[in-house]
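Close look at the chain arrangement
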Amino acid sequence: MLLVNKCTPGVHKRVTEENMRKLNKTAACGILAAALAAGTLSGCSKAIDGTKTVATVGDEKVTLGLASYMIRDQQAQTMSYYNMLMSQYGVSGSASNVWDQKGDDGKTVGESSKDGVMTTINQLYVLKAHAADYDVTITDDEEKAIKEAAAEFIKDNDEKILKKLAVSEDDIVTYLELVTIRSKMHDPMTVDVDTEVSANEKDQTRVTIVKVSTEGTEKDDDGNTIDLTDEEKAQKKDLAQQVLDKVKASDDVANADMDALAKEVDDSLSATAPAFTTAGSTDDTLDEAVQDAALELKDGEVADSVIEGDDGYYVVRLDKMLDEDATENKEKTVISERKSDLYDSTLEDWVKEEKIKVKDKVWDQITVTDSVSFVYKSADSSDDTESSDAQDSTEDTSSQDNSEDTTTEDTAAEDSAE
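Nothing here was measured: the structure is a model prediction, and the numbers come from that model. (Residues numbered from 1 in each chain as written. Predicted model: local features only at pLDDT ≥ 70, side-chain atom pairs only at ≥ 80, totals over all residues. Heavy atoms only, no water.)

1. Some points on the packing of aromatic side chains
For the record, the criterion: When two rings of Phe, Tyr or Trp (its six-membered ring) have centres within 6.5 Å they constitute a pair, described as stacked for plane angles under 30 degrees, edge-to-face for angles over 60, and tilted for the intermediate range. The way it works is that DSSP assigns letters per residue, a run of H or I at least four long becomes a helix, a run of E at least two long becomes a strand, and they are numbered from the N terminus. Relative accessibility thresholds used throughout: buried, under 20% of the residue-type maximum; exposed, over 50%; partly exposed, between the two (1.4 Å probe, protein chains only).
Per the counting criterion, the structure on display carries four aromatic pairs. Between Y134 and W350, the ring centres sit 6.2 Å apart and the planes meet at 55°, which makes this aromatic pair tilted. Remark: W350 occurs in helix α12 (residues 324-353) and Y134 occurs in the loop between α4 (109-130) and α5 (140-156); sequence separation between them is 216 residues. For Y134, a relative accessible area of 28% translates into the label partly exposed. Feature note: the residues Y69, F153 and Y175 constitute an aromatic cluster, connected by ring pairs.

Here it is as structure tokens:
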């Protein structure tokens, strides 16, 4: 899968962005080159003129071919992602009907996807404009790798697909240069972040818990969850008490296998070993009653009674008041979040100063709908495995002529793709 612009699904978008940020400066082009060589697109759309200017950022002109490539590659990534999830969870059917669905803002997924691409383009060109401020450049070796990757992409995709993409080798070179700069900008932009993390922010306490849930599982005729009765809750508490009794009766409470002991009481029960911040604000991922109970114990001790939480009864053992490994990881997370926040806010300010100007009539030539889709095809697939020719009629090309005369502000570009 190509490491490219952010995908519509939020999770995938963030994963892609994090991967891009983690690219080693000297390896960025090599990774992109290898990924591009493996990516082959098939799809259905009318031919467009990729040489037209679709937008400007400052003095930089963005070609429709570059934007088209980014959209179609994103579309193919999204399809691959959804198909993978459907396969993983055994869901039958096709993921090809995602693009026409409307969100809360009234836009289709396809329209929102296009907005996201234009925002990404804005960010890429703004980062390029500020690269010199941080002494970020593309090395000769990186430029060589970029050109080789672009040539390989053109070679791997047949003429019919390239025509539909309206992308040139120069467009691919430009794109790879932009994402290479992006991958190299994160570190210098965040070098001044405060790396001192207080104990209240980082210190982690490790516990082992067994939870007996008191959340109802039955639903009424309206689909609302039915709360457990007092009698049912009492039965749940009794299960937790049985687990606690077994733990307390063990020869070595500190090292007792609480998971095995819980299953002796009920096969559906299990133990987990979460960590939470020892001081500071309450960790929302763990019931506050559990945290309070743990902080009253010493390492290796189990709470003397069953702890009642908001949605269950708990058996709580304090394993380590200060878990060094978890604390170290938390410190890294805090610093990483600070860097991410600084990067995002800095980029957002730059984008506000240099918002992209979009030529709507050119931009409208590209549509992302259920009937105009692009997917990756395996290496052994036939080049003729495309959508029905009848779907070509869904692409309106009437707006291609004289479309460069209209320049409007794309308000979607004001939002950060992060």
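2. A word on the pairing of strand β4 (residues 204-213)
Moving residue by residue along a regular strand, the side chains alternate between the two faces of the sheet. Selection rule: When DSSP finds at least two bridges between two strands, those strands are taken to pair.
Buried residues dominate β4, accounting for seven of its ten residues. Sheet analysis places β4 next to strand β6 (residues 275-277), joined by three bridges and oriented antiparallel. Across the sheet, the residue bridging to R206 is A275, located in β6. Note that β4 and strand β8 (residues 312-320) share eight bridges and pair antiparallel. Bridged to K211 within β8 is Y314.

3. What to know about the environment of A326
In plain terms, the rule: Contact criterion: two residues are considered in contact whenever any of their non-hydrogen atoms come within 4.5 Å of each other.
Mapped onto the elements of the fold, A326 is located in helix α12. What makes A326 buried here is its relative accessible area of 10%. The residues touching A326, leaving out its near neighbours within four places in the chain, are Q204, R206 and A275.

4. A look at a negative patch on the surface
Selection criterion: Each patch is assembled from residues with relative accessible area greater than 30% and no salt bridge, linking like charges that lie within 9 Å and nonpolar side chains (Val, Leu, Ile, Met, Phe, Trp, Tyr) that lie within 5 Å. Residue-level accessible areas treat just the shown protein chains as cover; the underlying method is Shrake-Rupley with a 1.4 Å probe. Counted as salt bridges are all cases of a side-chain nitrogen of Lys or Arg within 4 Å of a carboxyl oxygen of Asp or Glu. Positive charges come from Lys and Arg alone, negative charges from Asp and Glu alone, with His and the N- and C-terminal ends not counted. Lys charges are placed at NZ, Arg charges at CZ, Asp charges at CG and Glu charges at CD.
A cluster of acidic residues, E288, D292, E296, E308 and D310, forms a negative patch at the surface. If you trace the backbone, D292 turns up in helix α11 (residues 288-294). Given a relative accessible area of 43%, D292 falls into the partly exposed group.

5. Looking at the pattern of salt bridges
For the structure shown, the criterion picks out 15 salt bridges. A salt bridge links D311 to K211, with the nearest nitrogen and oxygen atoms 3.1 Å apart. Of the two residues, D311 sits in the loop between β7 (307-308) and β8 while K211 sits in strand β4, which places them 100 residues apart along the sequence. Since its relative accessible area comes to 22%, D311 is described here as partly exposed. In this structure K211 comes out as partly exposed when scored by relative accessible area, which is 31%. When the shortest N-O distance is used, the salt bridge between K332 and E328 registers 3.7 Å.

6. Points about the environment of L239
With respect to the helices, strands and loops of the structure, L239 is situated in helix α9 (residues 230-249). Leaving out residues up to four positions away in the same chain, L239 has contacts with V212, V265 and D266.

7. Some remarks on α9
Using the following cut-off: The span expected for a helix works out to 1.5 Å for each residue beyond the first. The directions from the helix axis to the C-beta atoms form the arc being described.
Given a rise of 1.5 Å per residue, 20 residues ought to cover 28 Å, and the 28 Å separating the end C-alpha atoms of α9 matches this to within 8%. Taken residue by residue, α9 has L239, A240, V243, L244 and V247 as its buried positions. Relative to the axis of α9, the buried residues are bounded by an arc of 135° and lie together on one face. Away from its buried face by more than 90 degrees, α9 exposes D230, E231 and A249. On its buried face, α9 is in contact with β4, α10 (258-265) and β8.

8. Considering the nonpolar core
Note the cut-off: For our purposes a nonpolar core is just a set of buried Ala, Val, Leu, Ile, Met, Phe, Trp, Tyr and Cys residues, chained together by side-chain atoms within 4.5 Å.
Counting 53 residues, the largest nonpolar core has V54, M70, M118, I121, Y175, M185 and W363 as the members making the most contacts within it. Of all the secondary structure elements, the ones that give two or more residues to this core are β2 (53-57), α3 (64-88), α4, α5, α6 (159-165), α7 (169-189), α12 and α13 (360-363). Top element by residues in this core is α7. It accounts for nine residues. Excluding anything up to four places from it in sequence, M185 contacts L127, H130, A131, Y134, V136 and W350. If you look at the next biggest cluster of nonpolar residues, it comprises 17 residues, including L239, L261, Y313 and V315.

9. Things to note about α5
The first and last C-alpha atoms of α5 sit 24 Å apart over 17 residues, in line with the 24 Å expected at 1.5 Å per residue. Every buried residue of α5 is accounted for by E142, E143, A145, I146, A149, A150 and F153. Down the axis of α5, the smallest arc covering the buried residues is 160°, so these residues share one side. Projecting away from the buried face of α5 at angles above 90 degrees are the exposed residues D140, D141, K144 and K155.

10. Focus: unusual backbone geometry
Unlike most non-glycine residues, D135 shows phi in positive territory, near 55°. Judged by relative accessible area, which is 69%, D135 ranks as exposed. Residue A166 is not a glycine yet carries a positive backbone phi of 60°. Structurally, A166 can be placed in the loop between α6 and α7.

11. Let's talk about the packing of α5 against α7
Any two packed helices are characterised by the angle at which their axes cross and by the distance between the axes. Going by this rule: Between N-to-C directions, angles span 0 to 180 degrees; the directions come from axes that are lines fitted to C-alpha atoms, helices contributing only their stretch in contact. Convention used here: angles under 35 degrees read as roughly parallel, angles over 145 as roughly antiparallel, angles from 65 to 115 as roughly perpendicular, and any remaining angle as oblique. By convention, the crossing between two helices is left-handed when the near helix turns anticlockwise from the far helix through less than a right angle, and right-handed when the turn is clockwise. Nonpolar residues are Ala, Val, Leu, Ile, Met, Phe, Trp, Tyr, Cys and Pro. Charged residues are Asp, Glu, Lys and Arg, and all others, Gly as well, are polar.
Running from N to C, α5 and α7 point in directions that differ by 135°, and their axes come no closer than 9 Å. If you check the angle between α5 and α7, you find them oblique. The handedness of the crossing between α5 and α7 comes out as right-handed. Between α5, through E142, E143, I146, K147, A149, A150, A151, F153 and I154, and α7, the contact on the second element is made entirely by E169, I172, V173, L176, E177, T180 and K184. By residue class, the composition of the contact of α5 with α7 is nine nonpolar, one polar and six charged.

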